[in-house]
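Secondary and tertiary structure notes
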Amino acid sequence: MPLRETIDELDVLIGELSELRQTLRRAELAGAVDDVLWDAEANLRHVSRRTADRARLLRRAIELNTRAEGRPARQDPPRSA
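Residue numbers here run from 1 along each chain, matching the order of that chain's written sequence. In keeping with the model being predicted, local features are shown solely for residues with a pLDDT of at least 70 and side-chain atom pairs are shown and tallied solely at 80 or more, while totals for entire chains, interfaces and linings include all residues. Each side-chain value is derived from all of the structure's non-hydrogen atoms; neither hydrogens nor water enter the calculation.

Once that is clear, we can look at the overall build of the chain. Regarding its fold elements, the chain presents two helices and zero strands. Working definition: with a 1.4 Å probe on protein chains only, accessible area under 20% of the residue-type maximum means buried, over 50% means exposed, and in between means partly exposed. Here the chain holds 81 residues, and 16% of them are scored as buried. Restricting to contacts in the chain with at least 6 residues of sequence separation, those with at least 24 account for 60%. Under the convention used here, a 1.4 Å probe and the Shrake-Rupley method define accessible areas, while residue burial counts only the protein chains that appear. Within the structure as shown, the chain displays about 6,800 Å² of accessible surface, and the carbon and sulfur contribution to it stands at 55%. What counts as a helix is a DSSP run of H or I of at least four residues, what counts as a strand is a run of E of at least two, and both are numbered from the N terminus. Whether two residues are in contact is decided by their heavy atoms: any pair within 4.5 Å suffices.

Our focus in this paragraph is the layout of surface pockets. A pocket, in this scheme, is an open set of points on a 1 Å grid over the protein atoms alone with protein on both sides within 12 Å along at least 5 of 7 lines, while a cavity is a set where a 1.4 Å probe fits but cannot get out; residues line either one if an atom lies within 4 Å of a point. Grid points are joined across faces, edges and corners, and a volume is the space filled by probe spheres set on the points. Volume-wise, the second largest pocket comes out at about 150 Å³. Along the walls of the second largest pocket sit E16, E19, L20, T23, L24, V36, D39, A40, N43, H46 and V47, which together make up its complete lining. Going through the elements one at a time, α1 (3–30) and α2 (33–68) are the ones with two or more residues in the lining of the second largest pocket. With six residues, the top contributor of residues to the lining of the second largest pocket is α2. By residue class, the composition of the lining of the second largest pocket is five nonpolar, three polar and three charged. Only Asp, Glu, Lys and Arg are considered charged, only Ala, Val, Leu, Ile, Met, Phe, Trp, Tyr, Cys and Pro nonpolar, and every remaining residue, Gly among them, polar.

Turning to the pattern of salt bridges, a few remarks are in order. The salt bridge definition used is simple: a Lys or Arg side-chain nitrogen within 4 Å of an Asp or Glu carboxyl oxygen. Taken as a whole, this structure holds eight salt bridges when the rule is applied. Between R4 and D8 there is a salt bridge, with the nearest N and O atoms lying 3.0 Å from each other. On the criterion of helical spacing, the pair formed by R4 and D8 is a turn pair, its members being four residues apart in helix α1. On the accessibility criterion, D8 (37% relative accessible area) is partly exposed.

Encoded structure:
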């Protein structure tokens, strides 16, 4: 299971979100929020896609692992609105 890779990916994503937060905070303090909002939106979409990709990868690894062990795969939890 790609646990170590997932931990590393989470570290990268957290770093990117922290950098984005700092950039937005500096823009807010400088009164230049409009200049960075489009970049922030694009960066958040990028992080969101990478997070979703990682979740799918983990889901596939879980399914393969449970099949190899002869256990039924757990059902997806209901999604919140």
